[in-house]
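Structure at a glance
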Amino acid sequence: MAFLRELYLRLRWRAGRSRFQADLADEMQFHIESRADELESNGVPRSEALLRARREFGSRLKAAEDTSGAWQMQWLEDLAADLRYAGRAFRRNPGFALTAISCLALGIGANTTIFNITTGFLFSQPSCRDNASLIAIWEGGKMRSSFADFQFLRNAQVFAGMAGINPEREVNWRDGDRTSRFYAGTVTDDFFGTLGVPFLLGRGIAPGETNTAVLSNQVWRGTFAGDPAILGRKLILEGRVYTVAGVLPADHRSVVGFGISPDIYIPAAGDDDNVQFYARMPKGMTLPVARARLLSLFAQLDRIHPNEGRQRTDRQTRVTGVTGLDLLQQAMPGVVVAFFAMLLVVAGLVLLIACTNVASLLLARASSRSQELAIRLSLGASRRRIVRHLLAESLLLSVLGSVAGLAIDMACAKGIDSLALPVPLPIHLVVSPDWRLLWYALCIVFVSAALCGLLPALKAVRKDVSHALKQEERQTARSWNLRSVLVGGQLAVSIVLLTTGFLFVHNLLRATSMNPGFDVHHTIWAYMRLVPEKYSDAGQTKQMSLVRSALERLRALPGVEAAAITRRVPLNDYCAIGTELRTDVSPTPIHLQYECNSVGPDYFRTIGIPILRGREFSTADRTGSQPVAIVNETFARTVFGKTDPVGHTIAMDFANDKPKLIVGVAKDSRYFTLGERQRLAVYEPYFSLGEPINLHFLVRTAGSPAACVKSITDALGSLDATAAIEAKPMRRALGLALLPSQAGAVMLGAMGILGLMLAAIGLYGVLLFSVSRRTREIGLRVALGATPPDVLRIVGRQSLVLVGGGMLAGLALAFFVMQPLATFLVPGLSTVDPTAVFAVIGVLAATALLASLAPAVRALRVDPMTALRYE
Amino acid sequence: MPDDSPQLLPGTLYLLILRTLAAGPLHGYAIARRIKERSAEVLDVEEGSLYPALNRMLLKGWLRAEWGTSETNRKARFYSLTKEGQKRLVAEAGEFNKLVNAIQLVMKTA
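Keep in mind that this is a model prediction, so the values were computed, not measured.

Cut-offs used in this document
- Counting starts from 1 at the beginning of each chain's written sequence and moves along it residue by residue.
- By the order in which they are written, chains take letters starting at A while ligands take numbers starting at 1.
- Reporting of local features is limited, given that this is a predicted model, to residues whose pLDDT is at least 70; pairs of side-chain atoms are given and counted only at 80 or more, and all residues count toward the totals for whole chains, interfaces and linings.
- Here a helix means four or more residues in a row that DSSP labels H or I, a strand means two or more in a row labelled E, and each is numbered from the N terminus.
- Residue burial here comes from a neighbour count, namely the number of other C-beta atoms, placed from the backbone, that lie within 10 Å of the residue's own C-beta, with 20 or more meaning buried, 12 or fewer meaning exposed, and in between meaning partly exposed.
- Contacts here follow a simple rule: the backbone-placed C-beta atoms of the two residues must lie within 7 Å.
- Note on scores: pLDDT gives the predictor's confidence for each residue, bounded by 0 and 100.
- When residue character is reported, Ala, Val, Leu, Ile, Met, Phe, Trp, Tyr, Cys and Pro are called nonpolar, Asp, Glu, Lys and Arg charged, and the others, Gly included, polar.
- A pair of strands is labelled paired if DSSP reports no fewer than 2 bridges between them.
- The angle between two axes is taken between their N-to-C directions and runs from 0 to 180 degrees, where each axis is a line fitted to C-alpha atoms and a helix contributes only its stretch in contact.
- By our criterion, buried Ala, Val, Leu, Ile, Met, Phe, Trp, Tyr and Cys residues that link up through C-beta atoms within 7 Å make up a nonpolar core.
- With respect to orientation, any angle under 35 degrees is reported as roughly parallel, any angle over 145 as roughly antiparallel, any angle of 65 to 115 as roughly perpendicular, and every other angle as oblique.
- For a crossing to be left-handed, the near helix must be turned anticlockwise from the far one by less than a right angle; the clockwise case is right-handed.

Comments concerning the overall build of chain B
- In terms of helices and strands, chain B carries four helices and three strands.
- Element order for chain B, N to C, with α for helix and β for strand: α-β-α-α-β-β-α.
- Residues counted as buried form 28% of the 110 residues belonging to chain B.

Brief notes about the overall build of chain A
- Tallying secondary structure elements over chain A gives 27 helices and 22 strands in all.
- Taking all 871 residues of chain A together, the buried fraction comes to 40%.
- When contacts within chain A are restricted to residue pairs at least 6 apart in sequence, those whose partners lie at least 24 apart make up 82%.

Examining the environment of Gly-806 of chain A
Residues and elements named next belong to chain A.
- Among the secondary structure elements, Gly-806 is positioned in helix α25 (residues 788-817).
- Taking the number of C-beta atoms within 10 Å as the measure of exposure, Gly-806 has 25 and is therefore buried.
- In sequence terms Gly-806 and Ser-494 are 312 residues apart; their C-alpha atoms lie 9.4 Å from each other.
- Ignoring sequence-local partners within four residues, the contact set of Gly-806 consists of Val-487, Gly-488, Leu-491 and Ala-492.

Brief notes about the confidence of the model for chain A
- Residues at a pLDDT of 70 or more form 89% of chain A, whose mean pLDDT is 80.
- In this model, residues 472-479 of chain A is a region of pLDDT below 50 whose contacts with residues beyond four sequence positions or in other chains number nine contacts.

Quick word on the interface of chain B and chain A
- In this assembly, 15 residues from chain B lie in contact with 20 residues from chain A.
- Among the secondary structure elements, those contributing two or more residues to the side of chain B that touches chain A are α2 (28-38), α3 (47-60) and β3 (75-81) of chain B.
- A per-class count over the side of chain B that touches chain A returns five nonpolar, five polar and five charged.

Concerning the environment of Val-187 of chain A
- One can find Val-187 of chain A in strand β4 (residues 178-187).
- Taking the C-alpha atoms as reference, Val-187 of chain A lies 6.8 Å from Tyr-265 of chain A; in sequence the two are 78 residues apart.

Comments concerning the sheet that holds strand β2 (residues 63-69) of chain B
All names here are of chain B.
- Taken together, the three strands give an open sheet; going across it, the order is β1-β3-β2, and neighbouring strands pair in antiparallel fashion. Strands with a single pairing partner mark the edges of an open sheet, and in this sheet they are β1 (26-27) and β2.
- Bridge count between β2 and β3: seven bridges; the pairing is antiparallel. The residue bridging Trp-67 from the neighbouring strand is Arg-77, located in β3.
- Across the sheet, helix α1 (residues 12-21) is in contact with β1 and β3; its angle to β3 comes to roughly 100°.

Topic: unusual backbone geometry
- For Gln-157 of chain A, which is not glycine, the phi torsion reads 55° and is therefore positive.
- Along the polypeptide, Gln-157 of chain A turns up in the loop between α7 (147-156) and β3 (161-175).
- The class for Gln-157 of chain A is exposed, based on 10 C-beta atoms found within 10 Å.
- Residues other than glycine seldom take positive phi values, yet Ala-40 of chain B does so here, at roughly 50°.
- Looking at the element boundaries, Ala-40 of chain B is found in the loop between α2 and α3.

Here's the deal with the nonpolar core
Residues and elements named next belong to chain A.
- Val-350, Ala-354 and Val-358 are the most contacted members of the largest nonpolar core, which has 86 residues in total.
- Counting only elements with at least two residues in this core, the list comes to α6 (94-122), α12 (334-368), α14 (383-417), α15 (435-462), α17 (481-513), α23 (735-773), α25 and α26 (834-861).
- Beyond its immediate chain neighbours, meaning those up to four positions away, Ala-354 contacts Cys-103, Leu-104, Leu-106, Gly-107 and Leu-758.
- One finds Phe-635, Leu-680, Phe-697 and Leu-734 within the second-largest nonpolar core, a separate group that totals 61 residues.

Quick notes on the pairing of strand β18 (residues 649-652) of chain A
Residues and elements named next belong to chain A.
- Residues Ile-650 and Met-652 line the buried face of β18, whereas the alternating positions Thr-649 and Ala-651 sit on a face that is not buried.
- Two elements, strand β14 (residues 576-583) and β18, share three bridges in a ladder whose sense is antiparallel. From the neighbouring strand, Leu-581 faces β18, where its bridge partner is Met-652.
- Here β18 pairs with strand β19 (residues 660-666) via two bridges, running antiparallel. Note that in β19 the partner of Ile-650 across the bridge is Lys-660.

Quick look at the pairing of β3 of chain B
Residues and elements named next belong to chain B.
- As paired strands, β1 and β3 are joined by two bridges and run antiparallel to one another. Bridge pairing in β3 places Leu-26 opposite Tyr-79.
- Following β2, the chain reverses through five residues before pairing antiparallel with β3; Asn-73 in that reversal takes a positive phi of roughly 65°.

Overview of the packing of helix α4 (residues 60-71) of chain A against α3 of chain B
- Direction vectors running N to C along α4 of chain A and α3 of chain B enclose 20°, while the axes themselves pass 8 Å from each other. Between α4 of chain A and α3 of chain B, the angle is such that the two are roughly parallel. The chirality of how α4 of chain A crosses α3 of chain B is right-handed. Contact with α4 of chain A, carried on its side by Lys-62, Ala-63, Asp-66, Thr-67, Gly-69, Ala-70 and Trp-71 of chain A, involves Glu-47, Gly-48, Tyr-51, Pro-52, Asn-55, Arg-56 and Leu-59 of chain B of α3 of chain B and no other residues of that element.
- For the contact of α4 of chain A with α3 of chain B, a count of residues per class yields six nonpolar, four polar and four charged.

Comments concerning the environment of Ile-630 of chain A
Residue and element names in this part refer to chain A.
- Here Ile-630 lies in strand β17 (residues 628-632).
- Note on Ile-630: 30 C-beta atoms within 10 Å, which makes it buried.
- The sequence separation of Ile-630 and Arg-613 amounts to 17 residues, and the corresponding C-alpha distance is 9.8 Å.
- Ignoring sequence-local partners within four residues, the contact set of Ile-630 consists of Phe-617, Val-663, Gly-664, Ala-666 and Tyr-683.

Have a look at this one:
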């Protein structure tokens, strides 16, 4: 309090300083005159009295200075003066200032952008009231649990409120005679109210409402063109009418986190919905208490409705906050977190390069200013004062650099905001700058100012004053040690960046050209999503006949060679099962992990996976007939060894699973990622299981698949107008599989190029500077008969030592640093990638050549007479 | 003449100013004058330290300053105690008395 008042008074004083000084002069004048009056009344003549009074008062100037000193904040005044001085110096030398600021801007822009993405994806604060009292409940460690359990917990009223959501549902929206698909979140009663979600327009779904919907901002702006009269509009979703009740704001972040944000929210239908549990703790409740309460509730639930398989009171049952690390640990695969951590490290390295760049620029500046500094030192400036002044320069540079960097970051954020990720999930990152970014930027400013400025400043004042005063520093090869160490280090770091970047680009090329084991060039994936209500009462027959007639129509289309239905499209969805498995060749069960898929007749011919032995499924393989299966090569080899599996049976350790007869062996292919290790796989006939409402058709075309997309969409659309249909060539559907390598290649490639650019600028600057300092020496050599090749050799040797040393150090460093990156690479690509190494050496050598060429030419142009006259 | 006037103990100038102003607002010259009179001409406050001290006290919020007219009809700056200044006076006076008594005890008995 007292401190704040003082600060306020000081600032007020600072604002009215000139008036204050006038007042003080008046006051002192009054003092002197009063004293003179007194003396006069004692009989001293007026002029004599005034003189004496003045003498007695002493130095008015000193008194005024001391009085002002009481008010001043000395450090602030000094800082302001230093900054003004630095600003003037930059204006005199705009080339230097511009280079330094743009280096820092690039480094800081890259850093804040990566930081922004990382926090947006991993650490976003949900847009809810009082996040600290919100918890996520993981029943048995599962992400989602049954609606019935949710209701039981809510009725127990242990918490101040409960909210449930399933953010990964889909709904069909019928708009006139078009049907399209939305990612929907189904939410429990008063979901928005319990969480306290702010709205842009309207309100949330009220308790008890079954036919209202809430729109996300991106859908409102995109699909509905920001219609201001959207509230109250009727939407036909899944064949039912919903009324739009509200629109979320643009910066809405869902409680689920990780950028997951459904297009539309509707009330949960009820019993068949599994939801994620969130609860608001009453005041004073802590996480352990909440968990203890939950466990006793789950124990009750286990008695009333025993869960098959896992108990709800399992050790895995957890209660976590909805923000920060605990959510991350529970819900995010480590490899994704590691990827972001690596990005942050890489961005940090880029900043380091930028800082060393600026540091070497400042060093060069300081050494050309050594005379000025020496004069100031000898006139009595303290070393601390001069260091502070030089640091103020670097502080000003980093502040300006950060402002420019933040501008770059804003531009990137805008780009990311409009980016649609090719993933089958409603992910929309809100990367708006927030206080965390500001703090981060502020830290960067100070760290970079210290990194850039401290070393040059300390070096500048360590010099012997008399030596520096007497003569300009004679440039010799020895005295650019510190700068060359900086540039060498910079080169080393940029080699690490560049090899990483190249490695990931190589990885992307490898992944793109990698054979997924099936044909992506002549196949189309058509996704038909049915409205569940239309097919629920008729049972399986209605869907089966729809699928049958759909396949008939597809096969009849011109240009179509084959068509099939499948439960899962490889590389876009997966289903890994781990279970005990029995065969008829061995009595002991084996534990296996395998991929499963249910496919219709002609699947293997359509997608182009060869059947090596036996046969494909036929229309005869259906519910009620002999259970059959097709396995892949790896499965056959792992389970049956050298025996031909066709004709043998396998049985999974599920409740009432009948032994399945293996009718064929398919060639190995990729199932979930292009880079995966070869997995085991079991295929079952499509019609042997309950029917889903998501129909995935695969179509094989004779020519280019793009030409058939429209006719396929139309053919399927004519069967059921309420179904949402999306058809695309398989090639384009590989987005999800390629995403990791693409993201890696783009981000790290960009960082590598940025690092190289900065290192090249640094190298160029240092070589140029050192040659210009050697002007006299070169002139002397030329005058004494050195030929142009000799001069080039001098300059060349300097850069060769620098570049060679930096490269060797960088390659050694890269070898160790890159070991942990193996996790991100496709099989067959090692972290020691000769292609990457050669590419990096080539690029850097070319840069070094370019960077040395200009100084070399300049060195040659030096006229010996001019150079010698300096002596 | 002022050479034989004793040096003020550190901090006592604040106390003297506070005590002088306790009777009512005064301008700078009057403060110096009053201190000199009351100390039977022993304590002579130097002008060079009076004004910095007054300003430091303003900054600490012990004093308040207003322009007014002096008894000789000149424009003068009058200082007066704030509430905080009064509290400060009580506290410092107590401290000071304790210190002086203690010193006197030592002087008498040791």
